[in-house]
Amino acid sequence: MNIINASDVKYSYVGEEKITFALTGVTMRVGKGEFVAIIGHNGSGKSTFAKHINALYLPEDGSVVVDGMDTADEKNVWEIRRRAGMVFQNPDNQMVATIVEEDVAFGPENIGVPPKEIRQRVDEALEIVDMTEYKERAPHMLSGGQKQRVAIAGVLAMHPEIIVFDEPTAMLDPEGRGEVMETAKMLNKQGKTIVFITHYMVEALEADRVFVMMGGAMIANASPREIFANQDVLKEAGLMPPPHIELYHRLKNEGYDVGKCPLTIDELVRNLKICRDSKKQKPLPQAKPKISDMSIEVKGLNYTYMPNSPFEAVALDDVGVKIDGGEFVGIIGHTGSGKTTLIGLIAGLLKPTSGKVLVDGKDINEKKYDRKELRRHVGVVFQYPEHQLFEETVYKDIAFGPKKAGISEEETQRRVRHSMELMEIDYEEIKDLSPFELSGGQKRRVAIAGVLALEPEVLILDEPVAGLDPQGRAHLMKLINHLSSEGKTIIMITHSMDDLAENAHRVLVMKQAKIIMDDVPSKVFGRADELTSSGLDVPCVAKIAAKVREAGFEVEGSMIKLRDIETQLKYMMDKAKSGKPAKAGGSDD
Amino acid sequence: MIKNVTIGQYFPGNSVVHRIDPRMKLILVVAVIVAIFLATSWIGYVAILGFLLFTILMSRVNLKFVARGLKPLWFIIILTFVLNTFFYAEGTIIASWWIFKISQEGLYNAIRLAVRLVYLITATTLLTLTTSPIALTDGMERLMKPLKLVRFPVHELAMMMTIAMRFIPTLLEETDKIMKAQTARGAEFDSGNVLKRAKGMVPLLVPLFVSAFRRADELAFAMESRCYNGGEGRTRMKVLKFHYRDFVSAAVVAGLIVFLAFGF
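Residues numbered from 1 in each chain as written. Chains lettered and ligands numbered in written order. Predicted model: local features only at pLDDT ≥ 70, side-chain atom pairs only at ≥ 80, totals over all residues.

A. Expanded view of the overall build of chain B. On a plain count of helices and strands, chain B comes out with eleven helices and two strands. Scanning chain B from its N terminus toward the C terminus, one meets helices and strands in the order α-α-α-α-α-β-β-α-α-α-α-α-α. Relative to the compact-globule value of 18 Å for 264 residues, chain B shows a C-alpha radius of gyration of 24 Å, a clear excess of over 25%. Once the C-alpha set of chain B is aligned to its principal axes, its extents read approximately 70 × 55 × 40 Å. Buried residues in chain B amount to 23% of all 264 residues. In chain B, the proportion of contacts linking residues at least 24 apart, taken out of those at least 6 apart, comes to 74%. (Helix = DSSP H or I, 4+ residues; strand = E, 2+ residues; numbered from the N terminus. Rg over C-alpha atoms; globule rule 2.2 N^0.38 Å. Buried ≥ 20, exposed ≤ 12 C-beta atoms within 10 Å, placed from the backbone. Contact = placed C-beta atoms within 7 Å.)

Structure below.
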């Protein structure tokens, strides 16, 4: 029997000027105990549909029947919401109480469960998500992943049949994402039906079935293997497969017989074994930083939060690093390792407890140093920069910085236009709109343009692609890369190792207030064990390279770019066939 | 790190005073306030002082924290003292200078008022020091339950307070972030005259409001999806129950009142 039975669901948002057709006829059937994923880019209608499953929205046309109950029938609403729990994207905005266990109790309290039983359910739910030891903590003291686990416990305490996850991992770091995914899988094993909406294709691979949404309709629904084997569907939906599947497609498209679409890297390796063998390796070119004279150097930097208080915490411990002009430096590290503090100090937003920050050779914390000069040199894009938009129009918001810096009207206009061009936003079309009307990806690019308008030589970005859909991520990374190639120094904090592997010249790894590694990406990501033990991920390509090597392919272990591994594999397989080296395509960096 | 800021002035602990039922504690504070006004003689004041010191000792709260609660009110205490000293006209004059006269009764009255104020503040400070904001809200909601009969929105008020307390740290953190982001774009929050400063707040306040509304929106969805439907038919996980210690503490306060009511 189908536990979720949605037929031709239509839904629209009525705005002041226009009506947005969010769902144009969604049909979805999910069997009891299934684990299904819904993927699709922003605006495809995923979240709108998710809210139909527990009667937060009611279909304008068509019907949604959950566990035999029609959501349109008003008397079913509360029972449907109890049976189909929902976990939302933003971990902060779904917690009601000031103590973890009180928050978990919120649901059962609402449906009038007797106190003793609530206690029992709360303890049980916290045990399942492994948060028992945090039950008396305040929510804001928890990490993102922990908050989401509490949210899951809150749903579990209502004893639901179905749990709908609406992009629960979008705002989490890799560790938090892992925690949430593991929890979802475990609950599925215990018999719960799981609907998992995500932007991360790797997560969709874990599902029994994948639904692809596009323009408010389900355009495909099949096993992950079938979905990801189908390049047309992915292209139509604007989705990027994970690197190992992308590699599979690239090889396949050029006529290599690489078997059926692999779900895991291990499967890919098994397929590759079909045609293998090669002796020679080509040396990999290493990216060389461009040389310009603006440098940033920190020496013996220490920073302690709230010194001499019970909350005292050392955020930076004797950190020293020099970044040359034109470099693209990635900073990675576990949450709380000091990354954000370091960039705050470089940007002069925090004062070091001790040590020096030299920008262009000058100590920015000296009394006579002109702060305006620093603002000209160093631009900072914080996490979720779109949250800092405030003006009536896009133009005014981007012009805020230059105006504050006392730049003339004419020059400001040129800069606004130029920075919008750099972010690929149409000046004429967008400049008079309110920033709040734009889509998520556009808002972010407008916010970054607001920083670029100051024409800084150094651009610091804190998780610039977090929370964007795959298309948005790829687009923004391309733009950042372009800024780097134009000679700007880029310092980027990120959890996305693949982005750094493809673009950065250098990677700093931070752990417990110190920089523990500082090297070119291929070397840093070559030390996979150390990274993993620091709670960090390695790029997917590095994982593929390692496994391919283990399987006896003679490829270089330090490969981290998709293009490199593609070239090497082709080379080897061609050679295996013809017995001599075939076209030896090089990497074109 | 701004998120480590505590709300209110709760001093976590596990003493008897901490563990008294919040409902009882609220009632007892009111009773002690009554007692303070009942006292007329010096013996009475000493008795209350003894009681307050005993409570502080039992609560194991550092005396410094209690004193900190008095700090912002020193000015008012001194002002009442001075006004009462100089403008209490009747009685035996013990000193006079120009238009000022100090009478014995005036001085006595001023000291009495100042002592009362200090006692009042100490008693209420002790309440907030030993009771977490959640317990306080909870206690108030339950004590005010009868007001529901006159359609006073008791539950809604308590829910609002809880949500406010839940989001204060989150919003503080967000304020900090936005301030830094706008500072990096050249905004200044701490220079210029009043008008300039007020204007300077716009780049901070607009994003803060926008985000608060977005949060409210999302929170509403989350609450609804967890079957929240107002206070009707709601149960609570933690049921407040009176214990032995609650009755003992009530007896102590009752004893104090009886002692004072019989003329001390």
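B. Representation of the overall build of chain A in the model. Summing up its helical and strand segments, chain A has 23 helices and 20 strands in all. Relative to the 2.2 N^0.38 estimate, which gives 25 Å for 589 residues, the radius of gyration of chain A is 26 Å and therefore close to what a compact globule would have. When the 589 residues of chain A are sorted by exposure, 52% land in the buried category.

C. Geometry of the interface of chain B and chain A. At the junction of the two partners, chain B supplies 44 residues and chain A supplies 55 residues. Secondary structure elements with two or more residues in the side of chain B that touches chain A: α8 (154–184) and α10 (202–225) of chain B. At 14 residues, α10 of chain B tops the list of elements feeding residues into the side of chain B that touches chain A. Per-class residue counts for the side of chain B that touches chain A are 22 nonpolar, eleven polar and eleven charged. (Nonpolar A, V, L, I, M, F, W, Y, C, P; charged D, E, K, R; others polar.)

D. Region of the structure containing the nonpolar core. By size, the foremost hydrophobic cluster in this structure holds 186 residues, and its most contacted members are Ala153, Val195, Ile346, Ile460 and Val541 of chain A. Apart from the residues within four sequence positions on either side, Ile460 of chain A is in contact with Ile343, Ile346, Ala347, Val378, Gly379, Val380, Val381 and Ile491 of chain A. Counting residues in hydrophobic clusters, the runner-up holds 20 residues, among them Phe11, Val32, Ala39 and Leu260 of chain B. (Core = buried A, V, L, I, M, F, W, Y, C linked by C-beta atoms within 7 Å.)

E. Fine view of the sheet that holds strand β13 (residues 328–333) of chain A. Residues and elements named next belong to chain A. In space, the six strands of this open sheet follow the order β16-β17-β18-β13-β19-β20, with mixed pairing throughout. A strand with exactly one partner marks an edge of an open sheet, and here the two such strands are β16 (378–381) and β20 (514–519). When strand polarity is set aside, the average angle formed by the axes of neighbouring strands in this sheet is 15 degrees. Judged from the five bridges that link them, strand β19 (residues 506–511) and β20 form a sheet pairing that is antiparallel. Among the inter-strand pairings, Val509 is bridged to a residue of β20, identified as Met517. (Pairing = 2+ DSSP bridges. Axes fitted to C-alpha atoms, helices over the stretch in contact; angles between N-to-C directions.)

F. Quick peek at the pairing of strand β1 (residues 2–14) of chain A. Residues and elements named next belong to chain A. Looking at chain direction, β1 and strand β2 (residues 19–31) are connected through ten bridges and run antiparallel. Looking at β2, one finds that Val9 is bridged to Val26. Between β1 and the antiparallel strand that follows it, β2, lie four residues. Relative to strand β4 (residues 61–66), β1 runs antiparallel, the two being bridged by five bridges. By the bridge assignment for β4, Asn5 is matched with Val65.

G. Looking closely at the pairing of strand β17 (residues 458–462) of chain A. Residue and element names in this part refer to chain A. Where burial is concerned, most of β17 is hidden: five out of the five residues are buried. Across the two faces of β17 the burial is the same, with Val458, Ile460 and Asp462 and Leu459 and Leu461 all buried. As paired elements, β16 and β17 share four bridges and run parallel to each other. Within β17, the position partnered with Val380 by the bridge is Ile460. Sheet topology note: the β17/strand β18 (residues 489–493) ladder contains five bridges and is parallel. Bridge pairing links Ile460 to Ile491 in β18. A crossover links β17 with its parallel partner β18, the connecting element being helix α18 (residues 470–485), and its sense is right-handed. (Right-handed = clockwise from strand over helix to strand, strands pointing away.)

H. Spotlight on the packing of helix α2 (residues 22–38) of chain B against helix α11 (residues 244–261) of chain B. Residue and element names in this part refer to chain B. Two elements in contact, α2 and α11, have axes whose closest approach is 9 Å; the angle formed by their N-to-C orientations is 15 degrees. Considered as vectors, α2 and α11 are oriented roughly parallel to each other. Handedness of the α2/α11 crossing: left-handed. Contacts between α2 and α11 involve Met24, Leu28, Ala31, Val32, Val34, Ala35 and Leu38 on the former and, on the latter, Asp246, Ser249, Ala250, Val253, Leu256, Ile257, Leu260 and Ala261. Taken together, the residues of the contact of α2 with α11 break down into 13 nonpolar, one polar and one charged. (Parallel < 35°, antiparallel > 145°, perpendicular 65-115°, else oblique. Left-handed = near helix turned anticlockwise from the far one by under 90°.)

I. The packing of helix α5 (residues 144–156) of chain A against helix α6 (residues 174–189) of chain A, seen in detail. All names here are of chain A. Relative orientation of the contacting elements α5 and α6 amounts to 20 degrees, with a least axis distance of 8 Å. Considering their axes alone, α5 and α6 lie roughly parallel with respect to each other. α5 and α6 meet at a crossing whose hand is right-handed. From α5, Gly144, Gly145, Gln148, Arg149 and Ile152 reach across to α6, where they touch Glu175, Gly176, Glu179, Val180 and Thr183. Its residues assigned to classes, the contact of α5 with α6 shows two nonpolar, five polar and three charged.

J. Representation of the environment of Phe81 of chain B within the structure. When you line up the elements, Phe81 of chain B lands in helix α5 (residues 74–87). Excluding its chain neighbours within four sequence positions, the residues that come into contact with Phe81 of chain B are Ala110 and Ala114 of chain B.

K. Structural view of the confidence of the model for chain A. Residue and element names in this part refer to chain A. For chain A, mean pLDDT is 86; residues scoring 70 or higher make up 93% of the total. The low-confidence segment residues 277–291, where pLDDT is below 50, has 30 contacts with residues more than four positions distant or belonging to other chains. A low-confidence stretch, residues 581–589 stays under pLDDT 50, and its non-local contacts, those more than four residues away or across chains, total 17 contacts. (pLDDT = per-residue confidence, 0-100.)

L. Geometry of the sheet that holds strand β10 (residues 217–222) of chain A. Residues and elements named next belong to chain A. Across the sheet, six strands lie side by side as β6-β7-β8-β3-β9-β10; this open sheet has mixed pairing. Edge positions in the open sheet fall to β6 (84–87) and β10, since each of these has one partner strand only. Averaged over all adjacent pairs, the angle separating strand axes in this sheet is 20 degrees, with direction ignored. Sheet topology places strand β7 (residues 162–166) next to strand β8 (residues 193–197); five bridges connect them, and they run parallel. Within the sheet, the bridge partner assigned to Phe165 lies in β8 and is Phe196. Its contacts with the sheet put α5 on β6 and β7, and the angle it makes with β6 is roughly 165 degrees.

M. Molecular detail of the confidence of the model for chain B. All names here are of chain B. Considering every residue of chain B, the mean pLDDT works out to 84; 95% of them sit at 70 or more. Low pLDDT, under 50, characterises residues 1–6; the predicted model gives this stretch 15 contacts beyond four residues in sequence or across chains. For this predicted complex, the interface confidence reaches an ipTM of 0.74, while the overall pTM sits at 0.75.

N. Fine view of the environment of Ala447 of chain A. Residue and element names in this part refer to chain A. Relative to the helices and strands, Ala447 is located in helix α17 (residues 440–452). Distance in space between the C-alpha atoms of Ala447 and Leu187 is 39 Å, their sequence separation being 260 residues. Ignoring sequence-local partners within four residues, the contact set of Ala447 consists of Pro385, Glu386, Gln388 and Leu389.

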